[in-house]
Amino acid sequence: MEKVRKHIIFYGSVQGVGFRYRAYYAARSYGVYGWVRNLYDGSVEMEAEGTEKAIDDMILAIEKGSFIRIENISVRTIPVKNEYDFRIKHDE
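Every residue gets a number counted from 1 within its own chain, in the order that chain's sequence is written. In keeping with the model being predicted, local features are shown solely for residues with a pLDDT of at least 70 and side-chain atom pairs are shown and tallied solely at 80 or more, while totals for entire chains, interfaces and linings include all residues. To obtain the side-chain values, all non-hydrogen atoms of the structure were used and water was disregarded.

*Asks:* Looking at this structure, I do not really get the pattern of salt bridges. What am I missing?
*Replies:* Where side chains of opposite charge bring their charged atoms close, a pairing between them can arise. Salt bridges are defined by distance alone: a side-chain nitrogen of Lys or Arg within 4 Å of a carboxyl oxygen of Asp or Glu. In the structure shown here, the tally under the stated rule is 10 salt bridges. Note that D85 is salt-bridged to R87, the shortest N-O span being 3.8 Å. For every residue, the accessible area obtained with a 1.4 Å probe (protein chains only) is divided by the maximum for its type, and the residue is called buried under 20%, exposed over 50%, and partly exposed between those limits. With a relative accessible area of 33%, D85 lands in the partly exposed category. Note on R87: relative accessible area 31%, which makes it partly exposed. The network of salt bridges with common partners includes K3, R5, E47, E49, K81, E83, D85 and R87.

*Asks:* Whenever I open this one, the pairing of strand 3 (residues 44-50) confuses me. Can you help?
*Replies:* By the criteria applied, helices consist of DSSP H or I runs no shorter than four residues and strands consist of E runs no shorter than two, each listed in order from the N terminus. Burial analysis of strand 3 places 7 of its 7 residues in the buried class, which makes it a mostly covered element. Of the two faces of strand 3, the one holding V44, M46, A48 and G50 and the one holding E45, E47 and E49 are both buried throughout. Criterion used throughout: strands pair if DSSP finds at least two bridges between them. When strand 1 (residues 4-13) meets strand 3, the two strands line up antiparallel, connected through 7 bridges. Among the inter-strand pairings, K6 is bridged to a residue of strand 3, identified as A48. In terms of strand pairing, strand 2 (residues 33-38) meets strand 3 through 6 bridges, oriented antiparallel.

*Asks:* For this particular structure, what's the right way to read the nonpolar core?
*Replies:* The tendency in soluble globular proteins is for nonpolar side chains to be buried as a group. For this analysis, a nonpolar core means a set of buried residues of the types Ala, Val, Leu, Ile, Met, Phe, Trp, Tyr and Cys, connected via side-chain atoms within 4.5 Å. Ranked by size, the top nonpolar core spans 23 residues in total, and within it F10, F19, V36, M46, I55, M58 and I62 carry the most contacts. It is helix 2 (residues 52-63) that contributes the most residues to this core, 6 residues altogether. Residue contacts follow a heavy-atom distance rule, with two residues in contact if any of their heavy atoms lie within 4.5 Å. Those residues within four positions of M46 in sequence are excluded, and the remaining contacts are K6, H7, I8, F10, A23, W35, V36, M58, I62 and F86.

*Asks:* Just to check I follow, could you spell out helix 2 for this structure?
*Replies:* A turn of α-helix holds 3.6 residues, and therefore any two residues three or four places apart point the same way. Expected span of a helix, by definition, is 1.5 Å for each gap between consecutive residues, and there is one gap fewer than residues. The terminal C-alpha atoms of helix 2 lie 17 Å apart, and with 12 residues this matches the ideal 16 Å at 1.5 Å per residue to within 8%. Restricting attention to buried positions, one finds in helix 2 the residues A54, I55, M58, I59, A61 and I62. Along the long axis of helix 2, the arc covered by the buried residues comes to 160°, so they all point the same way. The inward-facing, buried residues of helix 2 abut strand 1, helix 1 (19-30), strand 3 and strand 4 (69-78). When we speak of the arc, we mean the arc of directions from the helix axis to the C-beta atoms.

Here is the structure:
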């Protein structure tokens, strides 16, 4: 299976509801690598690398989280970086 990398922004009720931690555990469960962080406008940004199916399954698992309400998702494909972990980025 070919790896892809996606830059994703999630909009909706996605901050203050455990989204980043849910994403972290879902990514690890599906073998997805990259990172996730909160943005100042209330959205959440993520770069996710893995197979298309693994990334789709990870997003479905995140959506099942209590209190998380994804209203819109912006996705674009970016170059693969061959990362081998998934992390939560904090304010930089």
